[in-house]
Amino acid sequence: MTAQLLTFYLFSGVILISSLMVISTKNPVHSVLFLILSFLNAAGLFVILHAEFLAMILIIVYVGAVAVLFLFVVMMLDFKTSINKDNILQYIPIGILIGVVFIAELIIVLINTKFDLSNIQVLPNPLSDFTGKSNTEAIGSVLYTDYILYFQLSGVILLVAMIGSIVLTLREREGVKRQVVSEQLQRQGKIDLVDVKSGKGVDV
Amino acid sequence: MINLAQTYFIEVMTIILYCLLIFVPLLLGVVMALYADRKIWAAVQKRRGPNVVGPYGLFQVPADGLKFIFKEIILPDGSDKTVFLIAPIITLALSIAAWAVVPVQAGVVLANINVGILYIFAISSLGVYGILMAGWSSNSKYPFFGALRSAAQMVSYEVSIGFVIITVLLCVGSLNLTEIVMAQKTMWFFIPLFPMFIVFFISALAETNRPPFDLPEAESELVAGYQTEYSGMPFVLFMFGEYINILLMCAMTTILFLGGWLPPIDIYPLNAVPGFVWFLLKVTFVFYLFAMVKAFVPRYRYDQLMRLGWKVFLPLSLFAVVATSTILFFFNLAPGM
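Rules and cut-offs
- Residues numbered from 1 in each chain as written.
- Chains lettered and ligands numbered in written order.
- Predicted model: local features only at pLDDT ≥ 70, side-chain atom pairs only at ≥ 80, totals over all residues.
- Heavy atoms only, no water.
- Helix = DSSP H or I, 4+ residues; strand = E, 2+ residues; numbered from the N terminus.
- Buried < 20%, exposed > 50% of the residue type's maximum accessible area, 1.4 Å probe, protein only.
- Contact = heavy atoms within 4.5 Å.
- Areas by Shrake-Rupley, 256 points an atom, 1.4 Å probe, with all protein chains shown as cover.
- Axes fitted to C-alpha atoms, helices over the stretch in contact; angles between N-to-C directions.
- Parallel < 35°, antiparallel > 145°, perpendicular 65-115°, else oblique.
- Left-handed = near helix turned anticlockwise from the far one by under 90°.
- Nonpolar A, V, L, I, M, F, W, Y, C, P; charged D, E, K, R; others polar.
- Salt bridge = Lys/Arg side-chain N within 4 Å of Asp/Glu carboxyl O.
- Buried area = accessible area lost by both parts, 1.4 Å probe.
- Polar contact = N/O pair within 3.5 Å; in protein donor to acceptor, adjacent residues only side chain to side chain.
- Patch = residues over 30% accessible without salt bridge, like charges linked within 9 Å, V, L, I, M, F, W, Y side chains within 5 Å.
- Expected span 1.5 Å × (residues − 1).

Caption draft 1: Representation of the overall build of chain A. In terms of regular secondary structure, chain A is built from eight helices and zero strands. The linear arrangement of helices and strands in chain A, starting from the amino end, is α-α-α-α-α-α-α-α. Scored against the burial criterion, the 204 residues of chain A give a buried share of 17%. By sequence separation, contacts in chain A at least 24 residues apart represent 48% of the contacts at least 6 residues apart. By element, 68% of the accessible surface of chain A is carried by carbon and sulfur atoms, the whole surface being about 16500 Å².

Next up, the structure:
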């Protein structure tokens, strides 16, 4: 029983419990808070694996940005009316179905020797040697050097998706007064700049 | 289990001791920062500020603290009581946790981790949860508005802070805070990266909800924003968390742009002064700037705040990342090239 094992069980135990709480608490805001707790503990697992860069990115992206927006939306819901306890049971069959599919897939992957990765001798694109590099450098060199084309491509796809969603949701509203800062700064004759003497004040 | 306890007992005790070594000066620093804040603010407005309790009013802040400790903790009837009480604890704990990686002198740091700057960025991005939870769990209109404003504000300004940090990292080639300071041995980064220094300073004001960006607790609009329903000890926890965050941002400005613990010029009488004195002086200077901004800048309107974050700082810092990397690349200045 090493300290590492103990921390692993601590983190994974909290993940399991808080994930369970995500689906079982009645209050959606509590669900999101438990989701955040399980994200944080997943980051802890990454730290145990010495993948500290991934851990920090997980916290910054998922906990610091995505989950904030989740919470933002859920907080504004009127959750007292949106919960109906009667039909929670109706989701059980589909839940069991998804669980069975997952377990079947896992069993196939783990048992079938065809998928045993240790038998594969030649990888199509072998990763470069990372000895002596911190994992920030290693991830950087894989993403931005070895697979730069795919990285750029996915970036362009995301950009297109972003522009598309903005175009689809943009409404031009009539009669909205907008502030134009440069015009305000340039206006003349309406404002006076007065040099106020210290301790004496100024007559208006 | 007994073996485990024997192996790790001394280690755990040392870590706890180090934590106390961070926490106690930090607490003292917050007390002094609160006092300095009120004194500077008073001086700008030609008032005396706190001057009754103790010599020069120095004990005003501890006296205020004692007053809060003895006050009753009021839990609003319709509030979500667990979340209501967890929120200030989270705020304080996160703000202290970030200090674990701040180096005050060469080698004097609790955890000298490789991704130090990312750790601080991650922890400070979690700070928004304390405010969101407080605002929601109070079950009251003004705190809720305060929390919504704050969430939008902190998420917006984090983006530009992130890009500013990237420009600094491009010049350093490491995420380690000690190495970031050591890279400024020849020139502090605020000289070549001056525009980014300004962007970082203003974003830090917005990130810590300081005036002119104190919209989450704008007292003329929202009573006290997310803190409205808090009293007694939980309120003190919020207050302390906020000020520790402000000091953290001052320390970050110092480390990223003002050369951390390095003396201004590396000559005899200056470099004989121990590093943490320089660090402390620089943090105090940045805090003085924070306090002065609070004293003479009026509060931003909400749409102006969003405009500044997304339409001015984001393009500016994005352009700076591209420009910095281009210059470093073409003049062969990039570290590790």
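Structure shown, so let's carry the discussion forward.
Caption draft 2: Spatial organisation of the packing of helix H9 (residues 232-257) of chain B against helix H11 (residues 275-296) of chain B. All names here are of chain B. Interaxial distance between H9 and H11 falls to 9 Å at its minimum, and their mutual angle equals 120°. One finds that H9 runs oblique with respect to H11. The handedness of the crossing between H9 and H11 is right-handed. Taken together, the residues of H11 that come into contact with H9 (itself represented by Tyr243, Ile246, Leu247, Met249, Cys250, Ala251, Thr253, Thr254 and Ile255) are Phe279, Lys282, Val283, Val286, Phe287, Phe290 and Lys294. Class assignment of the residues belonging to the contact of H9 with H11 gives a composition of 12 nonpolar, two polar and two charged.

Caption draft 3: Inspection of the pattern of salt bridges at higher detail. Residues and elements named next belong to chain B. One pass over the structure, following the stated rule, counts five salt bridges over all chains. With a closest N to O distance of 2.9 Å, Asp37 and Arg210 form a salt bridge. Of the two residues, Asp37 is situated in helix H1 (residues 2-44) and Arg210 in the loop between helix H7 (194-207) and helix H8 (219-222); the sequence distance between them amounts to 173 residues. Taking the relative accessible area as the measure of exposure, Asp37 reaches 1% and is therefore buried. Taken together, the shared-partner salt bridges in this structure form one network comprising Asp37, Arg210 and Lys294.

Caption draft 4: Local environment of the packing of helix H5 (residues 141-172) of chain B against helix H12 (residues 302-330) of chain B. Residues and elements named next belong to chain B. The interhelical angle for the contact between H5 and H12, taken along N-to-C directions, is 15°, at an axis separation of 9 Å. Of the possible angle classes, the one that applies to H5 and H12 is roughly parallel. In the crossing of H5 with H12, the sense of the turn from one axis to the other is left-handed. Along the lines of polarity and charge, the residues of the contact of H5 with H12 split into 19 nonpolar, eight polar and one charged.

Caption draft 5: Seen up close, the interface of chain A and chain B. Residue-level contacts link 29 residues of chain A with 29 residues of chain B. Interface of chain A and chain B: buried area, both sides summed, is about 2400 Å²; carbon and sulfur atoms make up 77% of it. It is Met56(A), Ile60(A) and Met75(A) that lose the most area in chain A upon contact with chain B, and together they represent 23% of the buried surface on that side. Counting every contact that joins chain A to chain B gives zero salt bridges. Our enumeration of links across chain A and chain B arrives at four residue pairs in polar contact (both at pLDDT 80 or more).

Caption draft 6: Focus on the side chain of Thr25(A). All names here are of chain A. Along the chain, Thr25 turns up in the loop between helix H1 (3-24) and helix H2 (28-48). Among the polar contacts listed, one links the side chain of Thr25 to the side chain of Ser31, at a separation of 3.0 Å. Once you skip the residues sitting within four places of it in the chain, Thr25 turns out to touch His30, Ser31 and Phe34.

Caption draft 7: Focus on a nonpolar patch on the surface. Residues and elements named next belong to chain B. Taken together, the side chains of Phe9, Ile10, Val12, Met13, Ile16, Leu20 and Val24 make up a nonpolar region of the molecular surface, amounting to roughly 660 Å² of accessible area. Position of Ile16 among the secondary structure elements: in helix H1. A relative accessible area of 42% means that Ile16 is categorised as partly exposed.

Caption draft 8: Structural view of helix H4 (residues 116-137) of chain B. Residues and elements named next belong to chain B. Its 22 residues place the ends of H4 33 Å apart at the C-alpha level, agreeing with the 32 Å of an ideal helix rising 1.5 Å per residue. In terms of burial, H4 is largely enclosed, as 22 of its 22 residues are buried. Within two residues after H4, Asn139 carries a phi angle of roughly 55°, on the positive side.

Caption draft 9: A look at H7(B). Residue and element names in this part refer to chain B. The end-to-end C-alpha distance of H7, which contains 14 residues, comes to 20 Å, matching closely the 20 Å that a straight helix rising 1.5 Å per residue would cover. In terms of burial, H7 is a largely internal element, 10 of the 14 residues being buried. Turning to H7, its buried residues are Met196, Phe197, Val199, Phe200, Phe201, Ser203, Ala204, Leu205, Ala206 and Glu207. Packed against the buried residues of H7 are H4, H5, H9, H11 and H12. One or two positions beyond H7, positive phi appears at Asn209, with a value near 55°.

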